[in-house]
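Close look at the chain arrangement
The chain contents come next:
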Amino acid sequence: MKNIISSSELSKEEVEKILERAKEMEEHCKKGTVPHLLKNKIVACIFFEPSTRTRLSFETASIKLGAGVISAENATVNSSSFKGETIEDTTRILSSYADIIVMRHPEAGSAKRAVSVSTKPIINAGDGANEHPSQALLDLYTIKKEKGRLDNLIIAFGGDLVHSRTLHSLVPLLLQYPNNTFYFISPLELALPREYIEDLKEKGATIKEMSSLKDGLKEADVLYMTRVQKERFNSDDDYDKVKDLFILKTKDLEEMKKDVIIMHPLPKINEIEKEIDDDPRAAYFRQAENGLYIRMALLVDVLGL
Ligand code: NCD
């Protein structure tokens, strides 16, 4: 049985297969010829943290492929978790109703706990600040589509790097391709932990760490902005100190490559000036659309179809 828990568990062959499948799904969606590969299947989406794109794109993907959907949003309050039920017990029940379980939970490691008792494939839709593999795959798909390659790129990550589960899942995937350079740009408080950087270096990653957005903009082929993750801070004061430090301004675009793409997993708050939305280099809305095709590919893939 296949689960999608951590992007590090995916081989390059598996990644390439998912990207290829997503491309087919995109073509089917555009032509209106999506095959009902998930007919008679049920997809359960249980979200213990807020979501717009991830949950609704998984649900749309399921429906397009002919599956039925059962969904618990706001599950911390609206499921038996509120009464104290464990992730394990909730998962046992869901796996007796559904054929695939898509789960988001605030605790790092929650998806692994679900896998330990599940009889059905689990897709991790975000476990705390740890990982978000389906987002990383749609990010990869976007980079390939927009830049035409996944190697020889300078990818600059800006903002809240310590809490960004999408970054944590994307970097290992990009490391599978040769000659990529990573710029990690953040205020000190939001920088990646030392052990994480050391581990990436051991894996052969080329890395530059910077504390000013300006320093990394010029050479970047991809600028990946992130939201400062308010919900992961211990106090509002700690959040207030860093929330406005990294803002991409329209005038910054003048210094950037003409063919750079600006990505963001969304939601964005104030970290990208809203005038940038209309610039063709802003790829984040196209990126969100790609989530649908990747998630269609993943639903089919975990069932071995
Ligand atoms: C991200 C997440 O939930 O980690 N959102 C998403 O799934 N597209 C990023 C974020 O919340 O900032």
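What you see is a predicted model, and the numbers here were worked out from it, not measured in a lab. (Residues numbered from 1 in each chain as written. Predicted model: local features only at pLDDT ≥ 70, side-chain atom pairs only at ≥ 80, totals over all residues. Heavy atoms only, no water.)

1. Focus: the site of the ligand
Applied cut-off: Whether a residue is near a molecule or strand is decided by its heavy atoms; if any one of them lies within 4 Å of it, the residue is near. What qualifies as a polar contact is a pair of N or O atoms within 3.5 Å, subject to a donor-acceptor requirement within protein and to the restriction that residues adjacent in sequence count only when both atoms come from side chains. Think of it as three bins: nonpolar holds Ala, Val, Leu, Ile, Met, Phe, Trp, Tyr, Cys and Pro, charged holds Asp, Glu, Lys and Arg, and polar takes everything else, Gly as well.
Surveying the vicinity of the ligand reveals the residues Thr-54, Arg-104, His-132, Gln-135, Arg-165, Thr-166, Arg-227, Gln-229, Pro-265, Leu-266 and Pro-267. Between the ligand and Gln-135, the relevant distance is 3.1 Å, taken from a nitrogen atom to a side-chain nitrogen or oxygen of the residue. Residues that form the shell around the ligand fall into these classes: three nonpolar, five polar and three charged.

2. Re the domain arrangement of the chain
Interfaces are often sized by the amount of accessible area the parts lose when they come together. Worth spelling out the cut-off: Boundaries between domains were set according to an automatic or database domain assignment. As used here, buried area is the combined drop in accessible area, with a 1.4 Å probe, of two parts when they are placed together. Salt bridges are counted wherever a side-chain nitrogen of Lys or Arg sits within 4 Å of a carboxyl oxygen of Asp or Glu. Put simply, DSSP marks the helices as runs of H or I at least four residues long and the strands as runs of E at least two long, and each gets a number from the N terminus on.
For the chain, the assigned domains read domain 1 (7-131 + 289-302) and domain 2 (134-287). Spacing between the C-alpha centres of domain 1 and domain 2 amounts to 25 Å. For the pair domain 1 and domain 2, the summed buried surface comes to about 2,300 Å²; carbon and sulfur atoms form 51% of the total. Across the contact surface, domain 1 and domain 2 share three salt bridges. For the interface between domain 1 and domain 2, the tally reads 22 residue pairs in polar contact (both at pLDDT 80 or more). Contributing elements (two or more residues each) for the side of domain 1 that touches domain 2: α1 (12-31), α2 (53-64), β3 (100-105), β4 (122-127) and α11 (284-302). Residue contributions to the side of domain 1 that touches domain 2 peak at eight residues, all from α1. Among the residues forming the side of domain 1 that touches domain 2, the class breakdown is eleven nonpolar, nine polar and eleven charged.

3. Focus on the side chain of Asp-279
Applicable threshold: Each residue is assigned to one of three classes by its accessible area relative to the maximum for its type, calculated with a 1.4 Å probe on protein chains only: buried under 20%, partly exposed between the two thresholds, exposed over 50%.
Take Asp-279: it is sitting in the loop between β9 (261-263) and α11. The class of Asp-279 is buried, set by a relative accessible area of 17%. In this structure the side chain of Asp-279 is engaged in a polar contact, spanning 2.8 Å, whose partner is the backbone nitrogen of Arg-281.

4. With respect to the sheet that holds strand β6 (residues 181-185)
The condition that has to hold: For two strands to count as paired, DSSP must find a minimum of two bridges between them. For helices, the fitted axis covers only the stretch in contact; all axes are lines through C-alpha atoms, and the angles between them, taken along N-to-C directions, range from 0 to 180 degrees. Should any heavy atoms of two residues lie within 4.5 Å, those residues are considered in contact.
Strand order in the open sheet formed by five strands is β7-β6-β5-β8-β9, and the pairing between neighbours is parallel. Strand pairing shows two members of the sheet lacking a second neighbour, β7 (206-210) and β9, which therefore form its edges. Ignoring strand direction, the axes of neighbouring strands in this sheet form an average angle of 20 degrees. As judged from the five bridges shared by β6 and β7, these two strands associate in the parallel manner. When the sheet's bridge partners are listed, Phe-182 is paired in β7 with Ile-207. In the packing of helix α6 (residues 133-147) onto the sheet, the strands contacted are β8 (222-225) and β9, and the crossing angle to β9 comes to about 165 degrees.

5. With respect to unusual backbone geometry
The residue after Leu-266, namely Pro-267, is reached through a cis peptide bond having omega 5 degrees. By secondary structure assignment, the location of Pro-267 is in the loop between β9 and α11. Positive phi is not limited to glycine here, since Asn-179 has a value of about 60 degrees. Residue placement: Asn-179 occurs in the loop between α7 (165-174) and β6. A residue is classified by how much of its surface remains accessible, and Asn-179, at 56% relative accessible area, is exposed.

6. Looking at a nonpolar patch on the surface
What counts here: Patches draw on residues past 30% relative accessible area with no salt bridge. Two like charges within 9 Å are joined, as are two nonpolar side chains (Val, Leu, Ile, Met, Phe, Trp, Tyr) within 5 Å. Under the convention used here, a 1.4 Å probe and the Shrake-Rupley method define accessible areas, while residue burial counts only the protein chains that appear.
Together, Ile-70, Ile-93 and Tyr-97 make up a nonpolar patch on the protein surface, roughly 290 Å² of accessible area in all. By secondary structure assignment, the location of Ile-70 is in strand β2 (residues 68-72). Of the residues examined, Ile-70 reaches a relative accessible area of 34% and is grouped as partly exposed.

7. Focus on the sheet that holds β2
Hydrogen bonding along the main chain pairs the strands of a sheet, whether they run parallel or antiparallel. Strand order across the open sheet formed by four strands is β2-β1-β3-β4, with parallel pairing between neighbours. Both edges of this open sheet fall to β2 and β4, since each of them pairs with a single strand only. Along the sheet, successive strands turn relative to each other by an average axial angle of 10 degrees, direction set aside. In this sheet, β3 lies alongside strand β1 (residues 42-47) in parallel orientation, the contact comprising five bridges. By the bridge assignment for β3, Phe-47 is matched with Arg-104. Along the sheet, α2 contacts β1, β2, β3 and β4; its crossing angle with β1, the most-contacted strand, is approximately 175 degrees.

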